[in-house]
Amino acid sequence: MKVQMQSVHFDADQKLLDFIQKRLDKLETFYDRVTEGEVILRLNNKDGIANKTVEIKVLVPGTMLFAQEDAGTFEAATDAAADSLKRQITKYKDKMVSH
């Protein structure tokens, strides 16, 4: 899957980008028609530990799926957002199969 990544107001290191790419590639095991993804990494000004936000958009034929998560690390936020997308993809696929 082709994934476009943006980091807002900071430079994400290659290790983080590779981690995100690998995590999103796993989504294709649930539905092989995922066409592309877009990831936005953002540092929040919020107080507290969960000041890192990951937004992931995934395009599948006919719709766009979206997840946004806050966490203490970008990796944790990516995991949570990817899990959310996994559920959305599974639900979407079931809906498509039942039609």
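Preceding this section is the structure that the text describes.
Fair warning: this is a prediction, and the values are worked out from it, not measured in the lab.

**Student:** Before we move on, could you go through the overall build of the protein and cite the residues and values that matter?
**Tutor:** Within the protein one finds 2 helices and 4 strands. Listing each helix as α and each strand as β along the protein from the N terminus yields β-α-β-β-β-α. Dimensions of the protein, computed from the C-alpha atoms along their principal axes, are close to 45 × 25 × 20 Å. Every one of the 99 residues in the protein was classed for burial, and the buried ones make up 35%.

**Student:** An account of the pairing of strand S4 (residues 63-71) is needed here, citing residue identities and associated values.
**Tutor:** Two faces make up the sheet, and in a regular strand the side chains alternate between them. Pairing geometry for strand S3 (residues 52-60) and S4, over 9 bridges, is antiparallel. By the bridge assignment, isoleucine 56 is partnered in S4 with alanine 67.

**Student:** Break down the environment of lysine 22 for me, citing the residues and quoting the values.
**Tutor:** Positionally, lysine 22 belongs in helix H1 (residues 14-25). Taking relative accessible area as the criterion, lysine 22 reaches 59% and is therefore assigned exposed. With 21 residues separating them in the primary sequence, lysine 22 and methionine 1 have C-alpha atoms 9.9 Å apart.

**Student:** Before we move on, can you summarise the sheet that holds S3 with the specific residues and values?
**Tutor:** Strand order in the open sheet formed by 4 strands is S1-S2-S3-S4, and the pairing between neighbours is mixed. Edge positions in the sheet fall to strand S1 (2-8) and S4, since each has one partner strand and no second. The mean angle between the axes of side-by-side strands here comes to 15°, regardless of whether they run parallel or antiparallel.

**Student:** Go over H1, please, and point to the residues and values.
**Tutor:** The end-to-end C-alpha separation of H1 is 16 Å, in line with the 16 Å expected for 12 residues at 1.5 Å each. Among the residues making up H1, those that are buried are Leu16, Ile20, Arg23 and Leu24. Projected down its long axis, H1 shows its buried positions confined to an angular sector of 95°, all on one face. Residues Gln14, Lys15 and Lys22 are exposed on H1 and point more than 90 degrees away from its buried face.

**Student:** A description of unusual backbone geometry should follow, citing residues and the corresponding values.
**Tutor:** The phi dihedral of histidine 9 falls on the positive side, at around 65°, and the residue is not glycine. Checked against the element boundaries, histidine 9 lands in the loop between S1 and H1.

**Student:** Would you mind going over the side chain of threonine 78 in detail, with residue names and values included?
**Tutor:** In this fold, threonine 78 is placed in helix H2 (residues 74-98). Once residues lying within four places of it in the same chain are set aside, the contact partners of threonine 78 are Phe19, Ile20, Arg23, Val54 and Ile56.

**Student:** Please provide a residue-by-residue account of the packing of aromatic side chains, values included.
**Tutor:** The tally for this structure, following the rule as stated, stands at 2 aromatic pairs. With centroids separated by 5.2 Å and ring planes inclined at 10°, the aromatic side chains of phenylalanine 10 and phenylalanine 74 adopt a geometry described as stacked. On the criterion of sequence distance, the pair formed by phenylalanine 10 in the loop between S1 and H1 and phenylalanine 74 in helix H2 is long-range, its members being 64 residues apart. For the pair formed by phenylalanine 10 and phenylalanine 74, the shared burial category is buried. A centroid spacing of 5.9 Å and a plane angle of 75° characterise the contact between tyrosine 31 and tyrosine 92, whose relative ring orientation is edge-to-face. With a gap of 61 residues between them, tyrosine 31 in the loop between H1 and strand S2 (36-43) and tyrosine 92 in helix H2 connect regions that are remote in the sequence. On the accessibility criterion, tyrosine 92 (11% relative accessible area) is buried.

Cut-offs applied
Residues numbered from 1 in each chain as written. Predicted model: local features only at pLDDT ≥ 70, side-chain atom pairs only at ≥ 80, totals over all residues. Heavy atoms only, no water. Helix = DSSP H or I, 4+ residues; strand = E, 2+ residues; numbered from the N terminus. Buried < 20%, exposed > 50% of the residue type's maximum accessible area, 1.4 Å probe, protein only. Pairing = 2+ DSSP bridges. Axes fitted to C-alpha atoms, helices over the stretch in contact; angles between N-to-C directions. Expected span 1.5 Å × (residues − 1). Arc of directions from axis to C-beta. Contact = heavy atoms within 4.5 Å. Phe/Tyr/Trp six-rings, centres within 6.5 Å; stacked < 30°, edge-to-face > 60°.

Interpretation note: all reported values are geometric properties and have no functional meaning in isolation.
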